[in-house]
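Structural features, examined
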Protein chains: 2
Amino acid sequence: MPKIISSTEMSVSEARWITLKKIKYTDQEGKERLWECAERKTRKSTGVDAVAVFAILRSKTNAFPTSTVVIEQYRPPIGKYVIELPAGLIDEGETAEQAAIRELHEETGYEAGEILQVSPVIVSDPGMTNANMQLVVVSVLFDDKLETPEPKLDPGEYIVTKTVELSKLSIALEEYDRKGFVVDARLSHFASGLQLAQQLKI
Amino acid sequence: MPKIISSTEMSVSEARWITLKKIKYTDQEGKERLWECAERKTRKSTGVDAVAVFAILRSKTNAFPTSTVVIEQYRPPIGKYVIELPAGLIDEGETAEQAAIRELHEETGYEAGEILQVSPVIVSDPGMTNANMQLVVVSVLFDDKLETPEPKLDPGEYIVTKTVELSKLSIALEEYDRKGFVVDARLSHFASGLQLAQQLKI
(Lines give C-alpha, C1' and ligand atoms only; values in the text may rest on other atoms or scores of the structure.)
Protein backbone atom coordinates (compact mmCIF):
# COMPACT_ATOMS: atom_id res chain seq x y z
CA MET A 1 0.00 0.00 0.00
CA PRO A 2 1.49 3.38 -1.02
CA LYS A 3 1.79 6.00 1.69
CA ILE A 4 2.28 9.79 1.76
CA ILE A 5 5.47 10.76 3.62
CA SER A 6 5.16 14.53 3.27
CA SER A 7 3.40 17.24 1.30
CA THR A 8 5.27 20.53 1.15
CA GLU A 9 4.86 23.76 -0.76
CA MET A 10 7.24 23.88 -3.73
CA SER A 11 8.50 26.83 -5.73
CA VAL A 12 7.53 27.33 -9.35
CA SER A 13 11.18 27.10 -10.41
CA GLU A 14 11.51 23.68 -8.78
CA ALA A 15 8.37 22.23 -10.41
CA ARG A 16 8.94 20.17 -13.56
CA TRP A 17 5.40 19.15 -14.54
CA ILE A 18 3.10 22.00 -13.51
CA THR A 19 3.29 25.74 -12.97
CA LEU A 20 1.22 28.66 -11.70
CA LYS A 21 0.05 31.45 -13.98
CA LYS A 22 -1.33 34.90 -13.32
CA ILE A 23 -3.82 35.84 -16.01
CA LYS A 24 -4.57 39.50 -16.60
CA TYR A 25 -7.81 40.04 -18.53
CA THR A 26 -10.51 42.59 -19.18
CA ASP A 27 -14.03 41.59 -18.15
CA GLN A 28 -17.40 42.21 -19.85
CA GLU A 29 -17.31 45.86 -18.76
CA GLY A 30 -13.71 46.45 -19.84
CA LYS A 31 -12.46 46.35 -16.28
CA GLU A 32 -9.00 44.85 -15.75
CA ARG A 33 -8.98 41.74 -13.52
CA LEU A 34 -6.61 39.00 -12.37
CA TRP A 35 -7.15 35.23 -12.20
CA GLU A 36 -4.81 32.55 -10.87
CA CYS A 37 -4.47 29.19 -12.60
CA ALA A 38 -2.36 26.03 -12.65
CA GLU A 39 -1.08 24.61 -15.94
CA ARG A 40 0.65 21.43 -17.06
CA LYS A 41 4.04 22.05 -18.68
CA THR A 42 3.69 18.89 -20.80
CA ARG A 43 1.10 19.96 -23.39
CA LYS A 44 2.20 18.99 -26.90
CA SER A 45 1.57 20.76 -30.20
CA THR A 46 -1.81 19.00 -30.45
CA GLY A 47 -3.01 21.41 -27.77
CA VAL A 48 -4.75 18.61 -25.86
CA ASP A 49 -3.38 17.20 -22.60
CA ALA A 50 -5.11 13.89 -22.19
CA VAL A 51 -7.56 11.32 -23.42
CA ALA A 52 -9.95 9.02 -21.52
CA VAL A 53 -11.58 5.89 -22.91
CA PHE A 54 -15.05 4.56 -22.26
CA ALA A 55 -14.92 1.00 -23.64
CA ILE A 56 -18.20 -0.80 -24.30
CA LEU A 57 -17.50 -4.52 -23.86
CA ARG A 58 -20.05 -6.66 -25.69
CA SER A 59 -20.55 -10.30 -26.65
CA LYS A 60 -21.65 -11.49 -30.12
CA THR A 61 -23.57 -14.28 -28.39
CA ASN A 62 -24.86 -12.19 -25.45
CA ALA A 63 -22.75 -14.42 -23.19
CA PHE A 64 -22.39 -11.53 -20.70
CA PRO A 65 -24.18 -8.24 -19.99
CA THR A 66 -22.80 -5.17 -21.79
CA SER A 67 -19.97 -3.90 -19.59
CA THR A 68 -17.22 -1.34 -19.33
CA VAL A 69 -13.75 -1.28 -17.83
CA VAL A 70 -12.47 1.02 -15.08
CA ILE A 71 -9.09 1.21 -13.41
CA GLU A 72 -7.94 1.47 -9.80
CA GLN A 73 -4.83 3.63 -9.45
CA TYR A 74 -3.09 5.27 -6.49
CA ARG A 75 -3.11 9.05 -6.92
CA PRO A 76 -0.66 10.96 -4.70
CA PRO A 77 -2.59 14.31 -4.93
CA ILE A 78 -5.56 12.49 -3.34
CA GLY A 79 -3.55 10.08 -1.16
CA LYS A 80 -5.93 7.26 -2.05
CA TYR A 81 -6.75 4.80 -4.81
CA VAL A 82 -8.91 6.52 -7.42
CA ILE A 83 -11.39 4.81 -9.76
CA GLU A 84 -11.08 6.28 -13.23
CA LEU A 85 -11.63 5.52 -16.88
CA PRO A 86 -8.50 4.28 -18.66
CA ALA A 87 -6.69 7.48 -19.62
CA GLY A 88 -3.35 9.08 -20.31
CA LEU A 89 -1.51 12.02 -21.76
CA ILE A 90 -1.49 12.38 -25.55
CA ASP A 91 1.99 11.89 -27.07
CA GLU A 92 3.44 14.26 -29.66
CA GLY A 93 2.01 13.50 -33.11
CA GLU A 94 -0.82 11.32 -31.80
CA THR A 95 -4.51 11.88 -32.46
CA ALA A 96 -7.00 11.45 -29.61
CA GLU A 97 -8.21 8.21 -31.20
CA GLN A 98 -4.68 6.81 -31.43
CA ALA A 99 -3.91 7.77 -27.84
CA ALA A 100 -7.21 6.19 -26.70
CA ILE A 101 -6.46 2.89 -28.48
CA ARG A 102 -2.90 2.86 -27.07
CA GLU A 103 -3.89 3.71 -23.50
CA LEU A 104 -6.75 1.21 -23.45
CA HIS A 105 -4.34 -1.50 -24.61
CA GLU A 106 -1.56 -0.53 -22.17
CA GLU A 107 -3.78 -0.11 -19.13
CA THR A 108 -6.28 -2.93 -19.69
CA GLY A 109 -4.98 -5.20 -22.46
CA TYR A 110 -8.22 -4.71 -24.44
CA GLU A 111 -8.04 -3.99 -28.18
CA ALA A 112 -10.43 -1.22 -29.23
CA GLY A 113 -12.65 -2.10 -32.18
CA GLU A 114 -14.98 0.50 -33.64
CA ILE A 115 -14.57 4.12 -32.47
CA LEU A 116 -18.14 5.13 -31.55
CA GLN A 117 -17.68 8.71 -30.36
CA VAL A 118 -14.89 11.28 -30.01
CA SER A 119 -15.75 14.26 -27.82
CA PRO A 120 -14.62 17.76 -28.62
CA VAL A 121 -11.83 19.16 -26.46
CA ILE A 122 -13.37 19.53 -22.98
CA VAL A 123 -11.97 21.11 -19.81
CA SER A 124 -11.59 19.27 -16.52
CA ASP A 125 -11.70 22.11 -13.94
CA PRO A 126 -11.87 25.44 -15.80
CA GLY A 127 -12.01 27.66 -12.71
CA MET A 128 -8.65 26.37 -11.49
CA THR A 129 -6.59 24.97 -14.38
CA ASN A 130 -6.37 24.99 -18.17
CA ALA A 131 -6.32 21.14 -18.23
CA ASN A 132 -8.19 19.71 -21.18
CA MET A 133 -8.95 16.30 -22.64
CA GLN A 134 -11.04 14.31 -25.08
CA LEU A 135 -13.30 11.37 -24.27
CA VAL A 136 -13.28 8.53 -26.78
CA VAL A 137 -16.01 5.87 -26.68
CA VAL A 138 -14.94 2.58 -28.27
CA SER A 139 -16.50 -0.81 -28.83
CA VAL A 140 -14.71 -4.01 -27.79
CA LEU A 141 -16.58 -6.98 -29.26
CA PHE A 142 -16.02 -10.57 -28.07
CA ASP A 143 -16.99 -13.72 -29.98
CA ASP A 144 -18.41 -15.21 -26.81
CA LYS A 145 -17.35 -14.84 -23.16
CA LEU A 146 -15.74 -11.76 -21.60
CA GLU A 147 -11.97 -12.05 -21.78
CA THR A 148 -9.65 -10.44 -19.20
CA PRO A 149 -6.32 -9.86 -20.95
CA GLU A 150 -3.10 -8.81 -19.25
CA PRO A 151 -2.37 -5.06 -19.24
CA LYS A 152 0.95 -3.94 -20.79
CA LEU A 153 2.12 -1.76 -17.91
CA ASP A 154 5.42 0.08 -17.69
CA PRO A 155 7.72 -0.82 -14.80
CA GLY A 156 6.57 1.17 -11.76
CA GLU A 157 3.04 1.52 -13.16
CA TYR A 158 0.48 -0.09 -10.84
CA ILE A 159 -2.98 -0.28 -12.30
CA VAL A 160 -5.74 -2.75 -11.52
CA THR A 161 -8.42 -3.32 -14.16
CA LYS A 162 -12.05 -4.07 -13.27
CA THR A 163 -14.95 -4.77 -15.59
CA VAL A 164 -18.39 -3.53 -14.52
CA GLU A 165 -21.85 -4.14 -15.98
CA LEU A 166 -23.04 -0.94 -17.62
CA SER A 167 -26.44 -1.03 -15.92
CA LYS A 168 -24.74 -1.36 -12.52
CA LEU A 169 -22.01 1.26 -12.98
CA SER A 170 -23.46 3.76 -10.46
CA ILE A 171 -23.91 1.05 -7.84
CA ALA A 172 -20.36 -0.20 -8.39
CA LEU A 173 -18.97 3.33 -7.94
CA GLU A 174 -20.97 3.82 -4.72
CA GLU A 175 -19.53 0.55 -3.41
CA TYR A 176 -16.01 1.69 -4.28
CA ASP A 177 -16.62 4.90 -2.32
CA ARG A 178 -17.87 2.99 0.72
CA LYS A 179 -14.73 0.82 0.63
CA GLY A 180 -12.46 3.90 0.86
CA PHE A 181 -11.67 4.43 -2.81
CA VAL A 182 -12.35 7.83 -4.40
CA VAL A 183 -14.16 8.11 -7.73
CA ASP A 184 -13.05 10.43 -10.55
CA ALA A 185 -15.63 13.18 -11.15
CA ARG A 186 -15.79 12.60 -14.90
CA LEU A 187 -16.47 8.87 -14.54
CA SER A 188 -18.99 9.66 -11.78
CA HIS A 189 -20.83 12.15 -14.00
CA PHE A 190 -20.91 9.61 -16.86
CA ALA A 191 -22.48 7.07 -14.48
CA SER A 192 -24.99 9.65 -13.20
CA GLY A 193 -26.05 10.35 -16.78
CA LEU A 194 -26.51 6.63 -17.47
CA GLN A 195 -28.48 6.21 -14.26
CA LEU A 196 -30.71 9.23 -14.84
CA ALA A 197 -31.61 8.00 -18.32
CA GLN A 198 -32.58 4.62 -16.84
CA GLN A 199 -34.68 6.27 -14.10
CA LEU A 200 -36.47 8.73 -16.36
CA LYS A 201 -36.68 6.28 -19.26
CA ILE A 202 -35.73 8.96 -21.76
CA MET B 1 -16.38 40.31 -24.67
CA PRO B 2 -13.64 39.57 -22.09
CA LYS B 3 -10.08 39.37 -23.39
CA ILE B 4 -6.79 38.00 -22.06
CA ILE B 5 -4.14 40.72 -21.77
CA SER B 6 -1.29 38.57 -20.46
CA SER B 7 -0.55 35.22 -18.86
CA THR B 8 2.66 35.13 -16.87
CA GLU B 9 4.28 32.66 -14.49
CA MET B 10 3.69 33.66 -10.88
CA SER B 11 5.55 32.68 -7.73
CA VAL B 12 3.93 30.55 -5.05
CA SER B 13 4.35 33.35 -2.52
CA GLU B 14 2.41 35.75 -4.77
CA ALA B 15 -0.53 33.37 -5.34
CA ARG B 16 -3.56 33.88 -3.08
CA TRP B 17 -5.94 31.17 -4.28
CA ILE B 18 -3.82 28.20 -5.36
CA THR B 19 -0.41 26.73 -4.58
CA LEU B 20 1.97 24.01 -5.73
CA LYS B 21 2.82 21.02 -3.59
CA LYS B 22 5.58 18.42 -3.74
CA ILE B 23 4.28 15.10 -2.44
CA LYS B 24 6.80 12.54 -1.22
CA TYR B 25 5.34 9.04 -1.02
CA THR B 26 6.31 5.40 -1.00
CA ASP B 27 4.91 3.32 -3.86
CA GLN B 28 3.60 -0.29 -3.89
CA GLU B 29 7.15 -1.64 -3.63
CA GLY B 30 8.19 0.72 -0.83
CA LYS B 31 10.22 2.87 -3.21
CA GLU B 32 10.28 6.61 -2.42
CA ARG B 33 8.78 8.77 -5.17
CA LEU B 34 7.79 12.40 -5.82
CA TRP B 35 4.58 13.81 -7.34
CA GLU B 36 3.74 17.45 -8.13
CA CYS B 37 0.25 18.78 -7.57
CA ALA B 38 -1.74 22.04 -7.48
CA GLU B 39 -4.10 22.77 -4.59
CA ARG B 40 -6.72 25.39 -3.78
CA LYS B 41 -5.97 27.37 -0.64
CA THR B 42 -9.70 27.96 -0.03
CA ARG B 43 -10.84 24.54 1.19
CA LYS B 44 -12.98 24.83 4.30
CA SER B 45 -13.32 22.48 7.26
CA THR B 46 -15.90 20.46 5.30
CA GLY B 47 -12.98 19.13 3.25
CA VAL B 48 -14.91 19.62 -0.01
CA ASP B 49 -14.08 22.42 -2.46
CA ALA B 50 -17.15 22.70 -4.63
CA VAL B 51 -20.59 21.55 -5.56
CA ALA B 52 -22.29 21.25 -8.97
CA VAL B 53 -26.04 20.99 -9.56
CA PHE B 54 -27.87 18.96 -12.15
CA ALA B 55 -31.43 20.35 -12.05
CA ILE B 56 -34.23 18.33 -13.62
CA LEU B 57 -36.86 20.81 -14.79
CA ARG B 58 -40.27 19.18 -15.15
CA SER B 59 -43.87 20.22 -15.71
CA LYS B 60 -46.85 18.84 -13.75
CA THR B 61 -48.88 19.13 -16.95
CA ASN B 62 -46.15 17.94 -19.34
CA ALA B 63 -46.27 21.43 -20.85
CA PHE B 64 -42.60 21.13 -21.85
CA PRO B 65 -40.10 18.27 -22.30
CA THR B 66 -38.01 17.39 -19.22
CA SER B 67 -35.05 19.77 -19.30
CA THR B 68 -31.98 20.89 -17.41
CA VAL B 69 -30.17 24.18 -16.97
CA VAL B 70 -26.56 24.95 -17.92
CA ILE B 71 -24.59 28.16 -17.60
CA GLU B 72 -22.29 30.09 -19.93
CA GLN B 73 -19.41 31.72 -18.08
CA TYR B 74 -16.11 33.26 -19.20
CA ARG B 75 -13.21 31.30 -17.70
CA PRO B 76 -9.83 33.06 -17.78
CA PRO B 77 -7.77 29.80 -17.49
CA ILE B 78 -9.39 28.71 -20.78
CA GLY B 79 -9.72 32.17 -22.34
CA LYS B 80 -13.19 31.30 -23.60
CA TYR B 81 -16.80 30.98 -22.48
CA VAL B 82 -17.27 27.58 -20.85
CA ILE B 83 -20.57 25.66 -20.62
CA GLU B 84 -20.95 24.16 -17.17
CA LEU B 85 -23.47 22.97 -14.65
CA PRO B 86 -24.40 25.60 -12.06
CA ALA B 87 -21.66 25.26 -9.44
CA GLY B 88 -19.66 27.04 -6.80
CA LEU B 89 -17.38 26.70 -3.82
CA ILE B 90 -18.90 25.39 -0.57
CA ASP B 91 -18.97 28.02 2.20
CA GLU B 92 -17.83 27.31 5.74
CA GLY B 93 -20.52 25.44 7.65
CA GLU B 94 -22.57 24.55 4.56
CA THR B 95 -23.53 21.04 3.51
CA ALA B 96 -23.27 20.06 -0.16
CA GLU B 97 -27.09 20.13 -0.41
CA GLN B 98 -27.28 23.65 1.06
CA ALA B 99 -24.52 24.91 -1.26
CA ALA B 100 -26.29 23.30 -4.24
CA ILE B 101 -29.64 24.95 -3.43
CA ARG B 102 -27.90 28.31 -2.88
CA GLU B 103 -25.78 28.19 -6.04
CA LEU B 104 -28.69 27.05 -8.21
CA HIS B 105 -30.76 29.99 -6.92
CA GLU B 106 -27.95 32.54 -7.29
CA GLU B 107 -26.80 31.44 -10.75
CA THR B 108 -30.15 30.55 -12.33
CA GLY B 109 -32.96 31.87 -10.12
CA TYR B 110 -34.48 28.36 -9.89
CA GLU B 111 -35.64 27.04 -6.51
CA ALA B 112 -34.58 23.44 -5.95
CA GLY B 113 -37.39 21.11 -4.85
CA GLU B 114 -36.65 17.51 -4.00
CA ILE B 115 -32.98 16.47 -3.68
CA LEU B 116 -32.80 13.34 -5.83
CA GLN B 117 -29.16 12.37 -5.51
CA VAL B 118 -26.00 13.53 -3.69
CA SER B 119 -22.77 12.05 -5.00
CA PRO B 120 -19.92 11.07 -2.72
CA VAL B 121 -16.90 13.35 -2.73
CA ILE B 122 -15.39 12.96 -6.21
CA VAL B 123 -12.14 14.31 -7.68
CA SER B 124 -11.95 16.51 -10.77
CA ASP B 125 -8.42 15.85 -12.07
CA PRO B 126 -6.62 13.54 -9.61
CA GLY B 127 -3.36 13.28 -11.56
CA MET B 128 -2.81 17.03 -11.34
CA THR B 129 -4.73 18.53 -8.40
CA ASN B 130 -6.48 17.55 -5.17
CA ALA B 131 -9.64 19.43 -6.27
CA ASN B 132 -12.81 17.67 -5.16
CA MET B 133 -16.54 18.25 -5.37
CA GLN B 134 -19.99 16.73 -4.97
CA LEU B 135 -22.69 16.53 -7.61
CA VAL B 136 -26.24 17.14 -6.40
CA VAL B 137 -29.21 16.21 -8.59
CA VAL B 138 -32.35 18.17 -7.77
CA SER B 139 -35.89 18.37 -9.08
CA VAL B 140 -37.48 21.69 -10.06
CA LEU B 141 -41.18 21.12 -10.65
CA PHE B 142 -43.41 23.66 -12.45
CA ASP B 143 -47.19 23.80 -12.30
CA ASP B 144 -47.34 24.30 -16.04
CA LYS B 145 -44.97 26.10 -18.43
CA LEU B 146 -41.20 26.43 -18.00
CA GLU B 147 -40.38 29.61 -16.14
CA THR B 148 -37.13 31.51 -16.62
CA PRO B 149 -36.48 33.47 -13.43
CA GLU B 150 -33.84 36.13 -12.97
CA PRO B 151 -30.51 34.95 -11.48
CA LYS B 152 -29.33 36.67 -8.28
CA LEU B 153 -25.80 37.47 -9.44
CA ASP B 154 -23.15 39.34 -7.47
CA PRO B 155 -21.83 42.55 -9.02
CA GLY B 156 -19.08 41.59 -11.46
CA GLU B 157 -20.53 38.09 -11.92
CA TYR B 158 -21.52 37.46 -15.54
CA ILE B 159 -23.44 34.26 -16.04
CA VAL B 160 -25.93 33.39 -18.76
CA THR B 161 -28.48 30.66 -18.03
CA LYS B 162 -29.76 28.29 -20.74
CA THR B 163 -32.34 25.53 -20.43
CA VAL B 164 -31.84 22.44 -22.59
CA GLU B 165 -34.09 19.44 -23.22
CA LEU B 166 -32.59 16.43 -21.48
CA SER B 167 -32.90 14.20 -24.54
CA LYS B 168 -31.01 16.78 -26.62
CA LEU B 169 -28.24 17.64 -24.15
CA SER B 170 -25.42 16.00 -26.16
CA ILE B 171 -26.52 17.73 -29.36
CA ALA B 172 -26.73 21.09 -27.58
CA LEU B 173 -23.21 20.68 -26.20
CA GLU B 174 -21.84 19.78 -29.67
CA GLU B 175 -23.48 22.92 -31.05
CA TYR B 176 -21.89 25.01 -28.31
CA ASP B 177 -18.49 23.56 -29.24
CA ARG B 178 -18.99 24.37 -32.92
CA LYS B 179 -19.86 27.97 -31.99
CA GLY B 180 -16.54 28.44 -30.15
CA PHE B 181 -17.63 27.71 -26.59
CA VAL B 182 -15.80 25.04 -24.58
CA VAL B 183 -17.71 22.40 -22.63
CA ASP B 184 -16.82 21.36 -19.07
CA ALA B 185 -15.62 17.72 -18.98
CA ARG B 186 -17.94 16.72 -16.12
CA LEU B 187 -21.05 18.07 -17.89
CA SER B 188 -19.85 16.46 -21.14
CA HIS B 189 -19.42 13.07 -19.44
CA PHE B 190 -22.91 13.36 -17.88
CA ALA B 191 -24.33 14.00 -21.37
CA SER B 192 -22.34 11.09 -22.85
CA GLY B 193 -23.80 8.78 -20.21
CA LEU B 194 -27.34 9.99 -20.98
CA GLN B 195 -26.73 9.55 -24.71
CA LEU B 196 -25.20 6.09 -24.38
CA ALA B 197 -28.16 4.87 -22.31
CA GLN B 198 -30.53 6.15 -25.01
CA GLN B 199 -28.49 4.46 -27.79
CA LEU B 200 -28.08 1.11 -26.04
CA LYS B 201 -31.56 1.24 -24.48
CA ILE B 202 -30.25 0.01 -21.14
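See the structure printed just above.
Scope of this entry: the structure provided in the associated data block.

Conventions used here
- Residues numbered from 1 in each chain as written.
- Chains lettered and ligands numbered in written order.
- Predicted model: local features only at pLDDT ≥ 70, side-chain atom pairs only at ≥ 80, totals over all residues.
- Heavy atoms only, no water.
- Helix = DSSP H or I, 4+ residues; strand = E, 2+ residues; numbered from the N terminus.
- Buried < 20%, exposed > 50% of the residue type's maximum accessible area, 1.4 Å probe, protein only.
- Core = buried A, V, L, I, M, F, W, Y, C linked by side-chain atoms within 4.5 Å.
- Contact = heavy atoms within 4.5 Å.
- Pairing = 2+ DSSP bridges.
- Axes fitted to C-alpha atoms, helices over the stretch in contact; angles between N-to-C directions.
- Polar contact = N/O pair within 3.5 Å; in protein donor to acceptor, adjacent residues only side chain to side chain.
- Phe/Tyr/Trp six-rings, centres within 6.5 Å; stacked < 30°, edge-to-face > 60°.
- Lys NZ or Arg CZ within 6 Å of the ring centre and 35° of its normal.
- Parallel < 35°, antiparallel > 145°, perpendicular 65-115°, else oblique.
- Left-handed = near helix turned anticlockwise from the far one by under 90°.
- 1 Å grid on protein atoms, 1.4 Å probe; cavity = no way out; pocket = protein on both sides within 12 Å on 5 of 7 lines; lining within 4 Å.
- Points joined across faces, edges and corners; volume = space filled by probe spheres on them.
- Nonpolar A, V, L, I, M, F, W, Y, C, P; charged D, E, K, R; others polar.

1. Structural notes on unusual backbone geometry
Phi is mostly negative for residues that are not glycine, and the peptide bonds are mostly trans. All names here are of chain A. The backbone of asparagine 62 shows a phi angle near 55°, a positive value even though the residue is not glycine. On the secondary structure map, asparagine 62 appears in the loop between strand E4 (50-59) and strand E5 (67-75). For asparagine 62, a relative accessible area of 66% puts it in the exposed group.

2. Considering the nonpolar core
Phe54 of chain A together with Phe54 and Leu169 of chain B are the most contacted members of the largest nonpolar core, which totals 58 residues. If near-sequence neighbours (up to four positions away) are discounted, leucine 169 of chain B is found in contact with Phe54, Thr68, Val70, Val164, Leu187, Ala191 and Leu194 of chain B.

3. So, the sheet that holds strand E2 (residues 18-26) of chain A
Overall, antiparallel pairing links the 3 strands, which are arranged E3(A)-E2(A)-E1(B) in an open sheet. One side of each edge strand has no neighbouring strand; the edge strands of this open sheet are strand E3 (32-40) of chain A together with strand E1 (3-9) of chain B. Within the sheet, the average angular offset between the axes of one strand and its neighbour, ignoring direction, is 25°. Pairing between E2 of chain A and E1 of chain B: 6 bridges, direction antiparallel. When the sheet's bridge partners are listed, tyrosine 25 of chain A is paired in E1 of chain B with isoleucine 4 of chain B.

4. Thoughts on the environment of glutamate 9 of chain B
Tracing the sequence through the fold places glutamate 9 of chain B in strand E1. Between the C-alpha atom of glutamate 9 of chain B and that of asparagine 130 of chain B, which follows or precedes it by 121 residues, the distance is 21 Å. Glutamate 9 of chain B has contacts with Val12, Thr19, Leu20 and Lys21 of chain A, leaving out every residue within four places of it along the chain. A polar contact of 2.8 Å, which involves the side chain of glutamate 9 of chain B, links it to the side chain of threonine 19 of chain A.

5. Thoughts on the packing of aromatic side chains
Inspection of every chain in the model, using the stated rule, returns 14 aromatic pairs over all chains. A ring pair is formed by phenylalanine 64 of chain A and phenylalanine 142 of chain A, whose centres lie 5.9 Å apart and whose planes are at 65°; its orientation type is edge-to-face. Within this pair, whereas phenylalanine 64 of chain A is found in the loop between E4 and E5, its partner phenylalanine 142 of chain A is found in strand E10 (residues 132-142), the two being separated by 78 residues in sequence. Residue classification places phenylalanine 142 of chain A among the buried residues on the basis of a relative accessible area of 6%. Here tyrosine 74 of chain A and tyrosine 81 of chain A contribute two aromatic rings whose centre-to-centre distance is 5.6 Å and whose plane-to-plane angle is 70°, an arrangement assigned as edge-to-face. Connected via pairs of aromatic rings, a cluster forms that spans Tyr25 of chain A together with Tyr74, Tyr81, Tyr176 and Phe181 of chain B. Taking NZ or CZ as reference, lysine 179 of chain A lies 5.7 Å from the ring centre of tyrosine 176 of chain A, over its face.

6. Overview of the pairing of E2 of chain A
Consecutive side chains of a regular strand alternate in pointing toward one face of the sheet and then the other. Residues and elements named next belong to chain A. Of all the 9 residues making up E2, 7 are buried; the element is thus mostly covered by neighbouring parts of the structure. Direction of pairing for E2 relative to E3: antiparallel, over a ladder of 9 bridges. When the bridges of E3 are listed, isoleucine 18 appears paired with arginine 40. The hairpin formed by E2 and E3 contains 5 residues between the paired strands, and glycine 30 there has a positive phi angle of roughly 80°.

7. Re the packing of helix H2 (residues 169-178) of chain B against helix H3 (residues 185-200) of chain B
Residues and elements named next belong to chain B. One way to put it is that H2 packs onto H3 with a least axis distance of 8 Å and a crossing angle of 140°. Comparing the axis directions of H2 and H3 gives the class oblique. H2 and H3 meet at a crossing whose hand is left-handed. Judged by residue contacts, Leu169, Ser170 and Leu173 of H2 engage Leu187, Ser188, Ala191, Ser192, Leu194 and Gln195 from H3.

8. Topic: empty space enclosed by the protein
Residue and element names in this part refer to chain B. This structure, assessed with the given rule, holds 1 cavity of 30 Å³ or more. Size it by volume and the largest cavity reaches roughly 30 Å³. Taken together, Thr42, Arg43, Lys44, Val48, Asp49, Leu89 and Ile90 make up the full set of residues lining the largest cavity. Partitioned by chemical class, the residues of the lining of the largest cavity number 3 nonpolar, 1 polar and 3 charged.

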